[in-house]
Amino acid sequence: MQLREAVLVAAGALAFDAVGIASVDSLGEDAGARLMEFIETGAHGDMDWLATHAGRRSHPRRLWPEARTAIMLGVSYAPAADPLAVLDVAGHGAVSVYAQGKDYHEIVKPRLKHLARAVVALAPGADVKVFVDTAPLMEKPLAALAGLGWQGRHTNLVSRAHGSWLFLGAILTTLDIAPDAAHPDRCGRCRRCLDACPTDAFPAPYRLDARRCIAYLTIEHKGPIGREFRPLMGNRVFGCDDCLAVCPWNKFAAAAREARLHPRVETSNPPLADLLALDDAAFRARFAGTPVKRTGRDRFVRNVLIAAGNSGDPAFAPHVVALLDDPSPLVRGTAVWSAARLVANDELRRLAAARRPAEADATVRAEWDWELSQ
């Protein structure tokens, strides 16, 4: 208990907003079974790394057999304003709250390392490992066991104090430390998160089909986004906060105290015209140090083209038409869809006549053929 209290004090001194302790053996096999069902049904989509490491991810002891205890930490990134207010703002794109500030890995991981060193200093001979969602570890079930919150019907962690806005980190250790009580589920009969999803990505409460999730489609998905989902994306250009933002528990969440997580000019409701003009170098410069950078310029511009098409504003047409000749087939194909919503039919056919015959990529030709057949 003395070690436990020392760990909690050290975590507070490092500005973690939430801390709890769980025995790794208390995880059981249910979480792993749910993960396997998720993968076996194909609901993980392009995220092949989930399937590749499913066995190790299913339980901390399969990742590290000597692990005894998980020290679970949370850093709040709660927004100061309603993130849904930026949806469909004319001429602007919506970026998920988590990606509007500095990359959370660069904030959370150094704190975890400091705390891990403090643990070793308190208990010489102990072994520790730190994790910030870059290794096959089931952070959300462990955080629930450690009392930080519970996995809501949207499958994300919900905290009574911080709502749906916690970045999670973990320290596994060979020490036995007195655990916290697991947090009970407090969703009750509420289903606001499920009803808010624009694409019906929840086939049932507590189950997600990532293939239908806008966050997955705009960040993880590598290829063209399915036509059925494009109109539903609105102006979301990176991620989606709808299911998180409507959670009633958010009313208790104070705005994130870590200033580096606050929105930047580059990521807060950015103008679509600026984003359509980004080449690779400009994309990297604009989004350096933010989570947006990792998705890459081509996928990001794909998302922006969809937002431009959804706007219906012909002022974007020159920007979109310019991207019909982009080096990336992913960008060219999405530009076809976007142009079809911004220019007259005669102009679209003229553009197609100049480009379709010489187009070498089958997916781009298919986009032209589809739009010309409508």
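Residues numbered from 1 in each chain as written. Predicted model: local features only at pLDDT ≥ 70, side-chain atom pairs only at ≥ 80, totals over all residues. Heavy atoms only, no water.

Student: So what exactly am I meant to see when it comes to the side chain of Glu367 here?
Tutor: With respect to the secondary-structure elements, Glu367 resides in helix α17 (residues 362-373). Aside from chain neighbours lying at most four places away, what touches Glu367 is Arg227, Arg230, Gly333, Val336 and Trp337. (Helix = DSSP H or I, 4+ residues; strand = E, 2+ residues; numbered from the N terminus. Contact = heavy atoms within 4.5 Å.)

Student: Teacher, can you tell me more about the nonpolar core here?
Tutor: Nonpolar side chains tend toward joint burial in soluble globular proteins. Among the nonpolar cores identified, the biggest contains 116 residues, and Ile71 and Phe300 are the most heavily contacted of them. The residues contacting Ile71, other than those within four sequence positions of it, are Val7, Val19, Gly20, Ile21, Leu115, Val119, Gly169, Ala170, Ile171 and Ile177. By size, the runner-up hydrophobic cluster in this structure holds 5 residues, among which are Trp150, Val158, Cys187 and Cys247. (Core = buried A, V, L, I, M, F, W, Y, C linked by side-chain atoms within 4.5 Å. Buried < 20%, exposed > 50% of the residue type's maximum accessible area, 1.4 Å probe, protein only.)

Student: Which parts of the structure should I look at to understand the side chain of Asn235?
Tutor: Structurally, Asn235 is set in the loop between α9 (214-219) and β8 (236-238). Look at Asn235 and you get buried, because its relative accessible area is 4%. Excluding residues that lie within four positions of it along the chain, Asn235 makes contacts with Val86, Leu87, Asp88, Val89, His92, Gly93, Ala94 and Ala307.

Student: I'm lost on the environment of Leu175 in this one. Help?
Tutor: Structurally, the position occupied by Leu175 is in the loop between β7 (166-173) and α8 (192-196). Ignoring any residue separated from it by four or fewer positions in sequence, one finds Leu175 in contact with Leu3, Arg68, Thr69, Val119, Ala123 and Ala126.

Student: Sorry, what's going on with the pairing of β7 here?
Tutor: Note on strand geometry: in a regular strand, side chains alternate between the two faces of the sheet. The element β7 is extensively covered by neighbouring structure, given that 8 of its 8 residues are classed as buried. Burial of β7 is two-sided: the residues Leu166, Leu168, Ala170 and Leu172 facing one way and the residues Phe167, Gly169, Ile171 and Thr173 facing the other way are all buried. In this structure, strand β2 (residues 69-76) lies alongside β7, joined through 8 bridges in antiparallel fashion. Looking at β7, one finds that Met72 is bridged to Ala170. Inspection of the sheet shows strand β4 (residues 128-131) paired to β7 by 4 bridges, in the antiparallel sense. The residue bridging Val130 from the neighbouring strand is Ile171, located in β7. (Pairing = 2+ DSSP bridges.)

Student: Hey, could you run me through unusual backbone geometry in this one?
Tutor: Excluding glycine, residues mostly carry a negative phi; peptide bonds, for their part, are mostly trans. Notably, Asp88 is not glycine yet its phi reads approximately 65°, a positive angle. Turning to its location among the elements, Asp88 is positioned in the loop between β2 and β3 (94-95).

Student: How should I be thinking about helix α13 (residues 297-311) in this particular structure?
Tutor: Residue pairs spaced three or four apart in an α-helix point in one direction, given the helix's 3.6 residues per turn. Over its 15 residues, α13 runs 21 Å from end to end, which matches the ideal 21 Å to within 8%, given 1.5 Å per residue. Most of α13 sits out of view: 12 of its 15 residues are buried. Along α13, the residues that are buried comprise Arg297, Arg299, Phe300, Val301, Arg302, Asn303, Val304, Leu305, Ile306, Ala307, Ala308 and Gly309. Its buried side turned inward, α13 meets α9, β8, α11 (272-276), α12 (280-286), α14 (317-322) and α15 (329-340). One or two residues past the end of α13 sits Gly312, with phi positive at roughly 70°. (Expected span 1.5 Å × (residues − 1).)

Student: Before we go on, may I ask you to explain the packing of aromatic side chains in this structure?
Tutor: For any pair of aromatic rings, the description rests on two quantities: the centre-to-centre distance and the angle between the ring planes. Using the criterion set out here, one finds 10 aromatic pairs in the structure. A centroid spacing of 5.6 Å and a plane angle of 85° characterise the contact between Tyr77 and Trp165, whose relative ring orientation is edge-to-face. In this pair, Tyr77 sits in the loop between β2 and β3 while Trp165 sits in the loop between β6 (157-158) and β7, placing the two residues 88 residues apart along the sequence. Side by side, Tyr77 and Trp165 carry an identical accessibility label, which is buried. On the basis of an interplanar angle of 65° and a centroid distance of 5.1 Å, the ring pair of Phe287 and Phe300 is categorised as edge-to-face. Taken as a pair, Phe287 in the loop between α12 and α13 and Phe300 in helix α13 lie far apart in primary sequence, 13 residues in all. An identical accessibility class is assigned to Phe287 and Phe300; each is buried. An aromatic cluster is present here, built from Tyr77, Tyr98, Tyr104, Trp165, Phe167 and Phe238 joined pairwise through their rings. (Phe/Tyr/Trp six-rings, centres within 6.5 Å; stacked < 30°, edge-to-face > 60°.)

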